[in-house]
Amino acid sequence: MIFSADSHAKIIVIGGGAIGCSVAYHLAKAGEKDVLLLEKSLITEGCTWHAAGLVGQLRSKRNLTRLMQDSVAIIDRLEAESGVATDWKRVGSIRLASSPDRWSEIRRSMTQAKSFGLECHSLSAKEAQDKFPFITTDAIVGAAFIPDDGYVDPYALTQSFAKAARLNGAKIREGVTVKDIIVENRRAVGVVTDNGNISCDILINCAGLWAKRVGEMAGVPLAAGVVEHQYFVTEKTLEFDADLPTLRDPDNNFYLKPDVAAFAIGGWEEGTKGCWGGKPPLEFGRELFEENYDRLEQFATLATNRLPILNETGIRTVINGPIPVSADGEPIMGLAPELDNFYVACGFTSGIAASGGAGLAMANWVIEGDPGMDLWAFDVRRFGPQHCNGRFLEQRNIEAYAAYYKIHWPGEEPLAARPARRSPLYEILKAKGAVHGSKSGWERPNYFSEGAKEVYSFEGKPNWFDKVGQECKAVRERVALIDQASFSKFEITGSGALNFLQNLSVNLIEQTPGKCTYTQFCNEDGGIEADLTVMHISDNHLYVVTGSGFGIRDGHWMRTRLPQDGSVQMKDVTSQRAVINLCGPKAREVLQAISDDDVSNAALPFLSVKEISLGFGKGYAARIGYVGELGWELHVPVEYAAHIYEQLWQAGEAHGIADVGYRAVESLRLEKGYLYWSTDITPDYNPYEAGLGFCVAASKDRFIGKQALANIKQQGPERKLVSFNLDGFAPFLGGEAILLKGKVVGLTTSAGYGHATGKSICFGYLPVEHTSETDFEIEAFGTAYKVTRGPRTLYDAKMERLRA
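Criteria and thresholds
Residues numbered from 1 in each chain as written. Predicted model: local features only at pLDDT ≥ 70, side-chain atom pairs only at ≥ 80, totals over all residues. Heavy atoms only, no water. Helix = DSSP H or I, 4+ residues; strand = E, 2+ residues; numbered from the N terminus. Buried < 20%, exposed > 50% of the residue type's maximum accessible area, 1.4 Å probe, protein only. Contact = heavy atoms within 4.5 Å. Pairing = 2+ DSSP bridges. Axes fitted to C-alpha atoms, helices over the stretch in contact; angles between N-to-C directions. Salt bridge = Lys/Arg side-chain N within 4 Å of Asp/Glu carboxyl O.

## Some details on the environment of Lys-131
By the element assignment, Lys-131 lies in helix 4 (residues 125-131). Residue Lys-131 is classed as partly exposed on the basis of its relative accessible area of 35%. Sequence separation between Lys-131 and Ile-94 is 37 residues, and the spatial gap between their C-alpha atoms is 8.4 Å. When near neighbours in sequence (up to four residues on either side) are disregarded, Lys-131 contacts Ile-94, Leu-123, Phe-145, Leu-244 and Pro-245.

## Some remarks on unusual backbone geometry
At the junction of Arg-418 and Pro-419, the peptide bond is cis and its omega measures out at -10° in the coordinates. Positionally, Pro-419 belongs in the loop between helix 10 (390-402) and helix 11 (426-431). The step from Gly-790 to Pro-791 runs through a cis peptide bond, and the omega angle for that step is -5°. Within the secondary structure, Pro-791 sits in the segment after strand 37 (783-789). Unusually for a residue other than glycine, Ala-261 sits at a positive phi of about 55°. Topologically, Ala-261 is positioned in the loop between strand 14 (254-259) and strand 15 (262-266). Phi at Phe-781 takes a positive value of approximately 55°, unusual for a residue other than glycine. Following the sequence through the fold, Phe-781 ends up in the loop between strand 36 (776-780) and strand 37.

## Concerning the sheet that holds strand 26 (residues 569-572)
Adjacent strands of a sheet form backbone hydrogen bonds with each other and so pair up, either parallel or antiparallel. Taken together, 5 strands build an open sheet; the order of strands is 23-24-25-22-26 and the sheet is antiparallel. Among the strands making up the open sheet, the edge pair consists of strand 23 (515-522) and strand 26. Across the sheet, the mean angle separating the axes of adjacent strands is 25° when strand polarity is ignored. Judged from the 6 bridges that link them, strand 22 (residues 488-493) and strand 25 (residues 541-546) form a sheet pairing that is antiparallel.

## Examining the pattern of salt bridges
Tallied over the full model, the rule gives 35 salt bridges. As a salt-bridge pair, Lys-114 and Glu-779 come within 2.9 Å of each other at their nearest N and O atoms. Highlighted residues: Lys-114 in helix 3 (residues 100-116) and Glu-779 in strand 36, separated in sequence by 665 residues. Taking the relative accessible area as the measure of exposure, Glu-779 reaches 11% and is therefore buried. For Arg-719, the salt bridge identified is with Glu-689, shortest N-O distance 3.0 Å. A residue pair is termed long-range when its members are at least 10 positions apart, and Arg-719 in strand 32 (residues 719-727) and Glu-689 in the loop between helix 17 (662-672) and helix 18 (706-715) qualify at 30 residues. Overall, Glu-689 belongs to the buried group, its relative accessible area being 8%. Look at the salt bridges and you will find they share partners, linking Asp-379, Arg-381, Glu-529 and Arg-553 into a network.

## Digging into the sheet that holds strand 16 (residues 315-326)
Pairing is mixed in the open sheet, where 8 strands are placed in the order 5-6-4-13-14-15-12-16. Where the open sheet ends on each side, the last strands, each with one partner, are strand 5 (121-123) and strand 16. Sheet twist, expressed as the mean angle between neighbouring strand axes with direction ignored, is 25°. Two strands pair when backbone bridges link them, and strand 4 (residues 93-97) and strand 13 (residues 246-249) are joined in this way by 3 bridges, in the parallel orientation. What sits directly across from Ile-94, in strand 13, is Leu-247. The strands that helix 3 touches are strand 4, strand 5 and strand 6 (142-146); relative to strand 4, the one it contacts most, it runs at about 140°. Docked against the sheet, helix 7 (residues 293-306) engages strand 4, strand 12 (224-234), strand 13, strand 14, strand 15 and strand 16, running at close to 50° with respect to strand 12.

The values are spatial; any link to function lies outside them.
Here is the structure:
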C-alpha cells in the first residue's frame, strides 16, 4: 500500500503503561525531544491499573539485579522531578523459607546479593516475626530481608513517569489506537491509527497485553502471552505500623502488600488460564474477569495458615485480571531481529518493579545501540519462531506462571510444550534411556539413565551425578557419541563471503579451504557479541556454527551487516544438517571403520574440516570439539543421521562406546577451561579480559572492534578471568561471591564438578590487582570454601590429546 503520513515523530512508543511511559520519559530526558507515545485508551488502562505494585530487586543474575536496582533509584527521585506523588514506600521485603530446600535457594540468593552489592540480611523465624508480627513461625527455617525493597502505587507511578516525560519534551496522545504498521525495506516507516497516519524513524512496542498483536502488525513474532492472575484485598480492619514490610512466602505460594488498614494478597497458582491466544482484542480496556474461587483457594488457604488473622478478616475485593507472561517468564526487550528500527519492551510479569530500569535500558538501546549492560536473559533474540507459536506459547506461559514461586532448581528443565523440535536421533536415544532437556525448543540428551526420575539438589549431588561421571569417563578413556543436532548452523556463500566474515571476526579466518577457525565477533567497544566456529568448506563457501540458543542472535548480527552489493548470501541450515560428536581416544579407530577416506592425523589434523564418506552417506568431518579430546563434529544431512549413528555405534562397540549428554559436556569443558557465551563471556567482557587474546588477529587490516581492542591491549585489561578449584565436591553453581581476605572481590561465572580431575571448578573475573593473590575463598550457601587459583586448563594443558 502507499503510505501517506499526516504527521511525523522521530520515535513512536506504543503503549501507555508503566513500561511505555518510563521509556518515553528516559528517551526525552536523554535529549530525544521528538518522542510521541500513543495510548489507545487512557494511561495505565491495560494491566498497570490492577497491578499489585510490589518492588523487589534481587534476581538470579547480576545485571538483572542491577536493572531492578536502577528502578528503585529512579523511583526514589521521580516524585521530586515530576511533581506527581508515586506513593513509594521503601519498607523492605521479607522472603520466608518454609522448607530446607527453599532455605538453600534463599541462602544462595543472599550470597549472590552479597556479590551484587545489594544489602540483604538473614533472619531467624523469630526475627522475621518481629518485623512482621502477623505471621506464625511454624515450619519457618529462615528468612531474607532486603531493606531497600518496597511497594508503590502503580497508577501514581505511571502518571509520574508520564508527567516527567512531558516535562522533558515528550508528547503523549491518549485515545489513539494503532491499527496497522507500515513496513518498507526492513523498517517500520509509520503507523496507521484511528486518528490519522504518523510516520516515524523508530518504533517501540510497549503495548503490554497487546504486544504480540502489535508485533504481528509489523511482521514481528513475539513470545509474549497473556494469562489470568488473581489477588484479593482484605477488609480495612487491620492495624499495623506504616513501615510494615512486604512479605513473600513462596512455599505457601503467596505474596503480601500492606494496603490502607488491609492486606493485598496474591499467588501463582496451578491451572491459570491463557487468554485470547496472547492477542486480546483492541477493544478490551479497563476490565477484569470473573473471580475464580477454586484457583484463589490454592493460595488463600495457605496464606491463612501463615497469617491466622485472616480467619478473622473478610475479603473486600478479588482482582482477576490479565497479565503478560513470556515463554520463559522473563521480559522481552531489545531490537527485533526482523526489522532494523522496531524495538520491543514487553512480557513484563513484574512490570512495575522493572519499569524504571527497563525504561533506562531501552533508552540506551535506542540512542546508543546498547542497553548499558548485558541483558541477554531479557533479549528478544533469545526466542525463535517456535516460541512464538500460539499453542507452544500458551503452554509455556501457564507453566512459567505457576513456576513463579516454585523452587528453581539448578539445571531444572521446562516440561510444557514438549517434545517439539526433535533430532533425527531422538527416538533412538530415548529408547536407550536418554533424559532429554530443552534448548530453544530442541530436545537434547542431558544424560542417560533407564527410567530415572530427576532429583535436583542445591547443596548436595543430584541423582544423575554418578551417571554423568560415567559418561565423562567414557569420553576421557574410550569413545563416545553426543547428539548435537541442535547447533545453529549457517552457510555463508558468494564472492565476498570470506571478506565478510573476516570483517566480523577478531581472529584470522583461514583463507585456505579445509580449515576451522575458533573466533569471536566483537562490537565496536571490544565486547564479545558471539563465540563461534567458522569452517572454510571450499572457495566462496563458509559454514558458521554457534550454540543452540544463540542462532537468532548471531544470525541477526551477521544478517544486519551483510554487504549491499549482493556478493554474500546467508542461509540458516540448522534444520538441514544433524551433528554427531564423535570423541575420545578411540575416536579415530571408530571413524576410520565407517569411512573410505583417510582420517589419520596427517590427513585430518586438528582444526581441519573435510567432506568424507560416512557409511552410505557423507558429511563434514570437523576436527574440533568442546570436551578436550580427540574427536570430530560430523555435520551430516538429517536423512542420513540415524544411519551414520548406527554405523558409528556398531564400529565402536569393541571399544566400549557410550552415549553422552550435555551435562557431561559441561563438566568436561570446565576441566578444559573452555568458556560459554552468556555466562563466562558476554558483551560486558572483551577477549583480553577473558584470556582469549590468542584469538585476536591484531595484524588484520580491519575487523569490528579492532581499534578498541588495540587500546585495551596497550593499556592492559582492568580485570581478568581466572579459574579456581578445590579437591572433591563443593556446591558451586555459578554466581557465588569470590572472597579475598573476607572481602568480596568478584563473583563466579561458571561452576561445576570435574569428574575426571575430581575437582570442583569455578571461573570468575578479578580486578587485575588481585590476580597475583592466592588466598581466595568461594562463598556458597553461607560457607566460605578455601580454593586454589588457576591454572585455567586443568586437563591436557599442552593439548596433546586434542592433537593426537
